[in-house]
Amino acid sequence: MKLNMTSMKQAMLGQLQQNEVIANNLANINTRGYKKDLMFFEMLKDNDTNSKARMATDFEQGALTQTSNPLDVAISGRGFFTVQTEDGVAFTRDGHFKLDGDGVLRTQQGMAVLGEGGEIVLIGEDLKPEQITITHNGEIYLGDVFIDRLLIQDFEDYSQLQKKGENVFVVDDSVQAKDVDGLEVHQGFLEEANVNPAEEMIQLIEVQRQFESIQRMVRTLDETFRKAATEVGKYF
């Protein structure tokens, strides 16, 4: 194995990046519908110690927790709620919704939740959340009156989804969304983050050990080079 300071520096930077990813996953354990990130290291070419870091999102289903809140909605399986942000349409798995003063269904961050007819507005005299029913296929009823159907969309390739912040994803304009096959919506439930704290802590400890190991190797090499330079200097 060919060792040099440059490759070790890259390895240490990679470990720092992985440490940040794991720390961010742990920080979002209680973020509803959060999808954890993974860090991969790809060798640039055969017999080369250099590698390139690549990050990807794990879209594995999170556990569903019952809340009995009529405005909490969870998707079982594929698909994303569609929301309207200041910059355009975005997608989320966080179904912890609320009604604003005008009866518009919104995320906790204030983004409008979209139905097939646009913004979903629920207005009624002495309206109570208990009057709202959301069926397994996303249809919304106020009492016996049909209001709209949640716009839940899916994508062929989840790698095209990009995290934007506030627990939403965006896609390029060229990416086409599609209907969800076998849509299953659960009212009164929320999807938890798909982060396993025990697994993340084990990975964090392993990353820290690897970082410390590389640090020791760097110190050893530095001492070897310094000693070699000193010994060579004796002959000149």
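Coordinates for the structure precede this section.
As the structure is a prediction and not an experimental result, all values here were calculated from the model. Chains are numbered independently. Their residues run from 1 in the order of the written sequence. In keeping with the model being predicted, local features are shown solely for residues with a pLDDT of at least 70 and side-chain atom pairs are shown and tallied solely at 80 or more, while totals for entire chains, interfaces and linings include all residues. Each side-chain value is derived from all of the structure's non-hydrogen atoms; neither hydrogens nor water enter the calculation.

Participant: So what about the pairing of strand β6 (residues 88-92)? Which residues, and what values?
Facilitator: Type-normalised accessible area, obtained with a 1.4 Å probe on protein chains alone, sets the label of each residue: buried when under 20%, exposed when over 50%, and partly exposed for intermediate values. Only runs of H or I of at least four residues qualify as helices and only runs of E of at least two qualify as strands under DSSP, and these elements are numbered from the N terminus. Within β6, 4 of the 5 residues are buried, which leaves it mostly tucked inside the rest of the structure. Two strands qualify as a pair provided DSSP detects at least 2 bridges between them. In this sheet, β6 lies alongside strand β5 (residues 80-85) in antiparallel orientation, the contact comprising 5 bridges. Paired with Val-83 across the strands is Ala-90, a residue of β6.

Participant: Please give an account of the environment of Glu-206 that cites residues and values.
Facilitator: Here Glu-206 lies in helix α2 (residues 197-233). Sequence separation of Glu-206 and Gln-15 is 191 residues, and the distance between their C-alpha atoms is 9.8 Å.

Participant: Explain the pattern of salt bridges to me, and be specific about the residues and the numbers.
Facilitator: Close approach of charged atoms lets side chains of opposite charge pair. By definition, a salt bridge exists where a carboxyl oxygen of Asp or Glu is found within 4 Å of a side-chain nitrogen of Lys or Arg. Following the criterion strictly, the structure yields 9 salt bridges and no others. The residue Lys-164 makes a salt bridge to Asp-87 at a minimum N-O spacing of 2.9 Å. With a gap of 77 residues between them, Lys-164 in strand β15 (residues 162-165) and Asp-87 in the loop between β5 and β6 connect regions that are remote in the sequence. Overall, Lys-164 belongs to the partly exposed group, its relative accessible area being 40%.

Participant: Explain the sheet that holds strand β12 (residues 139-142) residue by residue, including any values.
Facilitator: What the 3 strands build is an open sheet, ordered β11-β12-β13; its pairing is antiparallel. Strands with a single pairing partner mark the edges of an open sheet, and in this sheet they are β11 (132-134) and β13 (145-149). Taking the axes of each pair of neighbouring strands and ignoring which way they run, one obtains an average angle of 25° across the sheet. Direction of pairing for β11 relative to β12: antiparallel, over a ladder of 3 bridges. Across the sheet, Ile-132 pairs through a bridge with Leu-142, a residue of β12. Here, axes are lines fitted to C-alpha atoms. For helices the fit covers the stretch in contact, and angles between N-to-C directions go from 0 to 180 degrees.

Participant: Before we move on, can you summarise the packing of aromatic side chains with the specific residues and values?
Facilitator: Centres within 6.5 Å are what make two rings of Phe, Tyr or Trp a pair, Trp counting through its six-membered ring; a difference in plane orientation under 30 degrees is then read as stacked, over 60 as edge-to-face, and the rest as tilted. Counted under the stated rule, the structure contains 9 aromatic pairs. Aromatic side chains Phe-80 and Tyr-158 sit 5.3 Å apart centroid to centroid with 70° between the ring planes, which places their arrangement in the edge-to-face category. Of this pair, Phe-80 sits in strand β5 while Tyr-158 sits in the loop between β14 (152-154) and β15, and the two are 78 residues apart along the sequence. Like Tyr-158, Phe-80 is buried. Clustering of aromatic rings is evident, with ring pairs tying together Phe-59, Phe-80, Phe-91, Phe-155, Tyr-158 and Phe-169.

Participant: Provide a residue-level description of the side chain of Gln-153, including the pertinent values.
Facilitator: Mapped onto the fold, Gln-153 is located in strand β14. Those residues within four positions of Gln-153 in sequence are excluded, and the remaining contacts are Gly-79, Phe-80, Thr-82, Phe-91, Ala-177, Lys-178 and Val-180. The contact definition used throughout considers only heavy atoms, calling two residues in contact when any of these lie within 4.5 Å.

Participant: An account of unusual backbone geometry is needed here, citing residue identities and associated values.
Facilitator: What you tend to see is this: most non-glycine residues have negative phi, and most peptide bonds are trans. The residue Ser-68 is not glycine, and still its phi comes out positive at about 65°. Its location among the elements puts Ser-68 in the loop between β3 (64-66) and β4 (73-75). With a phi angle near 55°, Glu-166 is a residue other than glycine that sits in the positive phi range. Within the secondary structure, Glu-166 is located in the loop between β15 and β16 (168-170). Accessibility expressed as a relative area gives 53% for Glu-166, which makes it exposed.

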